[in-house]
Amino acid sequence: IYKERGMNIVLPLLATYELMDKLKVHAGLQPGFLIRSNLVIDDEGGRLTFDRTYKFHRFNMAFLMGAEYEVMEGLNAGLRLNAGMSDLFIGYKGQKHNSFQLYLAYTL
């Protein structure tokens, strides 16, 4: 079994606008910093780990946009699009990280 495992620090910087009562939209940027990336191989012979951090750019940037709805006081549900703007791999063009996020958040 082959697994690529990465550790990143990401900092979502968002501006929020309340469209109507309980409904907000947000947009912004998300800088990301790669700490390390390892290839882990598990087979009958055991586990091998290889450092592959050198294959990736250490910094990346993404555009964020989404919406959030207040379901009840303190509980929010949201959807966010993360659109990568930076190439991930050194020497390869056009390989960006894109994702959708569904979330529930509770405010204390």
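To be clear, the structure that these remarks concern was listed above.
The structure presented is a predicted model; accordingly, all values stated were derived computationally and were not measured.

A.B. asks: Sorry if this is basic, but what is going on with the pairing of strand 2 (residues 13-20) here?
C.D. replies: Looking along a regular strand, one sees side chains alternate from face to face of the sheet. Sparse coverage of strand 2 is indicated by the burial of 0 of its 8 residues. In textbook terms, the turn of a hairpin is the stretch between consecutive antiparallel strands, and for strand 2 and strand 3 (residues 23-43) this stretch comprises 2 residues, one of which, K22, has a positive phi near 80°.

A.B. asks: Can you help me understand a nonpolar patch on the surface in this one?
C.D. replies: Nonpolar side chains collect at one region of the surface, where M7, I9, L11, L13, F33, I35 and F59 lie side by side and expose about 610 Å² of accessible area between them. Contributions of two or more residues to the nonpolar patch are made by strand 1 (2-10) and strand 3. Relative to the elements of secondary structure, F33 occurs in strand 3. Given a relative accessible area of 33%, F33 falls into the partly exposed group.

A.B. asks: Explain the environment of Q30 to me, please; I cannot follow it from the model alone.
C.D. replies: Checked against the element boundaries, Q30 lands in strand 3. Taking the C-alpha atoms as reference points, Q30 and G84, 54 residues apart in sequence, are found 9.0 Å from one another. What Q30 contacts, discounting residues up to four positions off in sequence, is V10, L11, P12, N60, M61, A62, L64 and N82.

A.B. asks: For this particular structure, what's the right way to read unusual backbone geometry?
C.D. replies: Peptide bonds are trans in most cases, and residues, glycine excluded, mostly fall at negative phi. In this structure, K22 takes a positive phi of about 80° despite not being glycine. As for its placement among the helices and strands, K22 is situated in the loop between strand 2 and strand 3.

A.B. asks: Is there a simple way to think about the packing of aromatic side chains in this case?
C.D. replies: Working definition: an aromatic ring pair is given by the centre-to-centre distance plus the angle between the planes. Summed over all chains, the structure comprises 3 aromatic pairs. Measuring from centroid to centroid gives 5.4 Å for F33 and F59, while their planes differ by 55°, and the two rings are tilted. Residue F33 is found in strand 3, and its partner F59 is found in strand 5 (residues 59-72); the two are separated by 26 residues along the sequence. Between F56 and F89, the ring centres sit 4.8 Å apart and the planes meet at 40°, which makes this aromatic pair tilted. In this pair, F56 sits in the loop between strand 4 (46-51) and strand 5 while F89 sits in the loop between strand 6 (75-84) and strand 7 (98-106), placing the two residues 33 residues apart along the sequence. For F56, a relative accessible area of 13% corresponds to the buried category. Ring pairs connect the aromatic residues F56, F89 and Y92, which therefore count as one cluster.

A.B. asks: What should I look at first to understand the environment of D21 in this one?
C.D. replies: Examined against the element boundaries, D21 turns out to sit in the loop between strand 2 and strand 3. When its relative accessible area of 63% is taken as the criterion, D21 is described as exposed. The spatial distance from the C-alpha of D21 to the C-alpha of Y69 is 9.0 Å, given a sequence separation of 48 residues.

What counts and how
In this convention, every chain numbers its residues from 1, walking through the sequence in written order. At least 70 in pLDDT is required for a residue's local features to be given in this predicted model, at least 80 for side-chain atom pairs to be given and counted, and no such filter applies to totals for whole chains, interfaces and linings, which use all residues. The side-chain values count all of the structure's non-hydrogen atoms but skip hydrogen atoms and water molecules. Any residue under 20% of the maximum accessible area for its type is buried, any over 50% is exposed, and the rest in between are partly exposed; the area is computed with a 1.4 Å probe on protein chains only. The secondary structure listing takes helices from DSSP runs of H or I that are at least 4 residues long and strands from runs of E that are at least 2 residues long, numbered from the N terminus. Here the rule is simple: two strands pair whenever DSSP picks up at least two bridges between them. The patches described consist of residues with a relative accessible area above 30% and no salt bridge, like charges being joined within 9 Å and nonpolar side chains (Val, Leu, Ile, Met, Phe, Trp, Tyr) within 5 Å. For every accessible area listed, the method is Shrake-Rupley and the probe measures 1.4 Å; residues are considered covered only by the protein chains on display. By convention in these notes, a salt bridge is any Lys or Arg side-chain nitrogen within 4 Å of a carboxyl oxygen on Asp or Glu. Contacts are assigned to residue pairs with any non-hydrogen atoms lying within 4.5 Å of each other. Here a pair means two rings of Phe, Tyr or Trp (six-membered ring of Trp) with centres within 6.5 Å. Their orientation is stacked below 30 degrees between planes, edge-to-face above 60, and tilted elsewhere.

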